[in-house]
Amino acid sequence: MNVHEQDTNANQPGDKSPSDAVDGPSRAMDDVQIEPITLSMLGKFFGVPFLIIALIVGGAVCVVLLFGGPATAPHRTVWALLQSLEANSGERSMGLLLTQEKELWQTALELSNRLENKDKELSADELQEVADRVTKLLRADLVHLDKMATFDEERVQQVDLRSTRLVFLIRALGRTALDDAVAPLVEVVRSRQEPYSTVAIHELANLHTLVSGDELVTIISQIVRESDRTETLLTACPALSVLAEPGDAVAIEALKSVYLGHEGEVSWSAALSLARLGSTAGKSSLMDLLDREFWSSAERYEKKDESGQVHRYPMPQGMIERWLLATLDVVLKVDDTDLWEMVDQLKSDPSLAVQARANELIAART
């Protein structure tokens, strides 16, 4: 067979051409019918996974409700809180365990927090009853503070827990904001027991509109003269400036002794307190406190670690702003040209809040 015959035989009828071989698969694909998407198919694609996820989430919720519910303490009324505290106060507190002490200080904490919203929970007569019962609790627990059957480290822990409970009882009494709360709080201050007297001073400062007479000012003045406890001085100095009348000689002399005898935050607090009473005895510190460069020029923020060692850091910007605002608030009480020049400079302070307050003071003065 010659070449011509081979070419003729290659193209016999019935044979597929190369183009037919290429188009064959595409034509076969065209012949396949695609099944339309139905609701049942959508259910398979989306409904089944959704059902699985719903079962998982529902099971988790059931576990939380069944096993987490009992761990949540039920809501107790103010009367239930008082009854729990009364059942373990005074002489009955001698045999308390550490677990009970912890529960009691948590109860006292809850009571003090609930009294922040006293108007929503208690009537006037009910609030008076709460104040009377808290007063009895406080007096009984102060007398029996050290009466316990534990020793060594366990005793230290129990005293700490009981002390915390007393602190919250003092706060609870102060938050009643009743006239009858003043006398028991003054008793605590007069006892000079720390930290209770300091907490009571704080509560009395909040109730300053109910407090009258010079006796309390005299007691707190003695405390600030004699105490070296930082927490006491930082509480008592501002309280003294609120409870004493402007120009009160006893309070001013006591604050001067603190201002001259201490450094840092205690001295600054005394200077601000003096200014609230109309005294410029702390003027040099007030000049510094109104100067942003003073705050930024050194490590003026102090923090004491557990071992009692003091560490110094640059003052955070937020604290600088708070000190500037606190100082501006007392400048209006004194008439000193140098201080008001410092106020005028703060009208361009980086802090918008400081700027606004300085402008307010300048406008109020003029």
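Predicted model, so just to flag it, every value in this text is computed and none were measured.

Caption draft 1: View of helix α12 (residues 230–243). Here α12 contains 14 residues, and its C-alpha end-to-end distance of 20 Å stays within 8% of the 20 Å for a straight helix at 1.5 Å per residue. Inspection of α12 places Thr-232, Leu-233, Ala-236, Cys-237, Ala-239, Leu-240, Ser-241 and Leu-243 among the buried residues, and these make up the whole buried set.

Caption draft 2: Representation of the environment of Leu-272 within the structure. Within the secondary structure, Leu-272 is located in helix α14 (residues 264–276). In this structure, Leu-272 is in contact with Leu-286, Leu-289, Trp-323, Ala-326, Thr-327 and Val-330, ignoring residues within four places of it in sequence.

Caption draft 3: Fine view of a nonpolar patch on the surface. A cluster of nonpolar residues, Ile-53, Val-57 and Val-61, forms a patch on the protein surface that exposes about 260 Å² of accessible area. Judged by relative accessible area, which is 43%, Val-61 ranks as partly exposed.

Caption draft 4: Layout of the pattern of salt bridges. Going through the model one piece at a time under the given rule, you end up with 22 salt bridges. Asp-336 is paired through a salt bridge with Lys-283; the nearest N and O atoms lie 3.1 Å apart. Here Asp-336 is found in the loop between α17 (317–331) and α18 (337–345), whereas its partner Lys-283 is found in helix α15 (residues 283–289), with 53 residues between them in sequence. For Asp-336, a relative accessible area of 13% corresponds to the buried category. In this structure, Asp-349 and Arg-292 form a salt bridge, with 2.8 Å as the shortest nitrogen-oxygen distance. Pair noted here: Asp-349 is in the loop between α18 and α19 (352–365) and Arg-292 is in helix α16 (residues 292–296), with a separation of 57 residues, a long-range link.

Caption draft 5: Main features of the pairing of strand β1 (residues 301–304). As judged from the four bridges shared by β1 and strand β2 (residues 310–313), these two strands associate in the antiparallel manner. Paired with Glu-302 across the bridge in β2 is Arg-312.

Caption draft 6: Representation of the environment of Ser-93 within the structure. You can see Ser-93 is positioned in the loop between α4 (78–86) and α5 (98–114). Taking the C-alpha atoms as reference, Ser-93 lies 7.7 Å from His-144; in sequence the two are 51 residues apart. Residues within four places of Ser-93 in sequence aside, it is in contact with Asn-88, Glu-101, His-144, Lys-147, Gln-158 and Arg-162. Reaching out from Ser-93, the side chain makes a polar contact with the backbone oxygen of Gly-90 at a distance of 2.6 Å.

Caption draft 7: Representation of α5. The end-to-end C-alpha distance of α5 is 24 Å, a good match for the 24 Å that 17 residues give at a rise of 1.5 Å each. Of the positions making up α5, those classed as buried are Glu-101, Leu-104, Trp-105, Thr-107, Ala-108, Leu-111, Ser-112 and Arg-114. Structurally, α5 contributes buried residues whose contacts are with α4, α6 (118–121), α7 (124–143) and α8 (152–175).

Caption draft 8: Region of the structure containing the packing of α14 against α17. In the contact formed by α14 and α17, the axes pass within 8 Å of each other and the chain directions differ by 25 degrees. By the angle between their axes, α14 is roughly parallel relative to α17. Along its contact with α14, which presents Glu-265, Trp-268, Leu-272, Ala-275 and Arg-276, the element α17 presents Trp-323, Ala-326, Thr-327 and Val-330. The class makeup of the residues in the contact of α14 with α17 is six nonpolar, one polar and two charged.

Scoring rules and cut-offs
Residues numbered from 1 in each chain as written. Predicted model: local features only at pLDDT ≥ 70, side-chain atom pairs only at ≥ 80, totals over all residues. Heavy atoms only, no water. Helix = DSSP H or I, 4+ residues; strand = E, 2+ residues; numbered from the N terminus. Expected span 1.5 Å × (residues − 1). Buried < 20%, exposed > 50% of the residue type's maximum accessible area, 1.4 Å probe, protein only. Contact = heavy atoms within 4.5 Å. Patch = residues over 30% accessible without salt bridge, like charges linked within 9 Å, V, L, I, M, F, W, Y side chains within 5 Å. Areas by Shrake-Rupley, 256 points an atom, 1.4 Å probe, with all protein chains shown as cover. Salt bridge = Lys/Arg side-chain N within 4 Å of Asp/Glu carboxyl O. Pairing = 2+ DSSP bridges. Polar contact = N/O pair within 3.5 Å; in protein donor to acceptor, adjacent residues only side chain to side chain. Axes fitted to C-alpha atoms, helices over the stretch in contact; angles between N-to-C directions. Parallel < 35°, antiparallel > 145°, perpendicular 65-115°, else oblique. Nonpolar A, V, L, I, M, F, W, Y, C, P; charged D, E, K, R; others polar.

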